[in-house]
Amino acid sequence: MARIKEHPILGEYIKGQEVHFSFDGKDMSGFEGESIAAALKANGVMIHRYTAKEHKPRGVFCAIGRCTDCVMVVDGQPNVRTCITELKEGMVIQTQNGVVAMES
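Remember, predicted model here, so these are calculated numbers, not experimental data. (Residues numbered from 1 in each chain as written. Predicted model: local features only at pLDDT ≥ 70, side-chain atom pairs only at ≥ 80, totals over all residues. Heavy atoms only, no water.)

## Description of the sheet that holds strand S10 (residues 96-97)
So, step 1. Across the sheet, 3 strands lie side by side as S6-S5-S10; this open sheet has mixed pairing. Each having just a single partner strand, strand S6 (57-58) and S10 make up the two edges of the open sheet.
So, step 2. Bridge count for strand S5 (residues 49-50) against S10 is 2 bridges, and the pairing is parallel. From the neighbouring strand, Arg 49 faces S10, where its bridge partner is Gln 96. (Pairing = 2+ DSSP bridges. Helix = DSSP H or I, 4+ residues; strand = E, 2+ residues; numbered from the N terminus.)

Take a look at the structure:
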């Protein structure tokens, strides 16, 4: 599968060590330092969340952390922008439903 090699915010990607993570209970692998979104795409995952009202699928849209289309639950934390968050060993990543309102 193709990998994202350069990102407008994260810069040039230098391939790190292979790491393992889980996505919705499935074991997957990627490379340390690449974005979560890039690792998911390389594993064939294109849907990151579903809208709250109509349950429509969303995935990477802007890829620079400005929109909320790629947000997912990462290690129990909702609303993580996966397009700018680096993958690490052992992460637990889950599809998110809607966008969770955060306390101010």
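## A closer look at the nonpolar core
So, step 1. Among the nonpolar cores identified, the biggest contains 14 residues, and Phe 21, Phe 23, Ile 36, Leu 40, Leu 87, Met 91 and Ile 93 are the most heavily contacted of them.
So, step 2. Not counting residues within four places of it along the chain, the set of residues in contact with Leu 87 comprises Val 19, Phe 21, Gly 30, Phe 31, Glu 32, Gly 33, Glu 34, Ser 35, Ile 36, Ala 39 and Ile 93. (Core = buried A, V, L, I, M, F, W, Y, C linked by side-chain atoms within 4.5 Å. Buried < 20%, exposed > 50% of the residue type's maximum accessible area, 1.4 Å probe, protein only. Contact = heavy atoms within 4.5 Å.)

## Notes on the environment of Val 99
So, step 1. Positionally, Val 99 belongs in the segment after S10.
So, step 2. Separated by 48 residues in the primary sequence, Val 99 and Thr 51 place their C-alpha atoms 7.6 Å from one another.
So, step 3. Each residue touching Val 99, except ones within four places of it in the same chain, is listed here: Arg 49, Thr 68, Val 71 and Asn 79.

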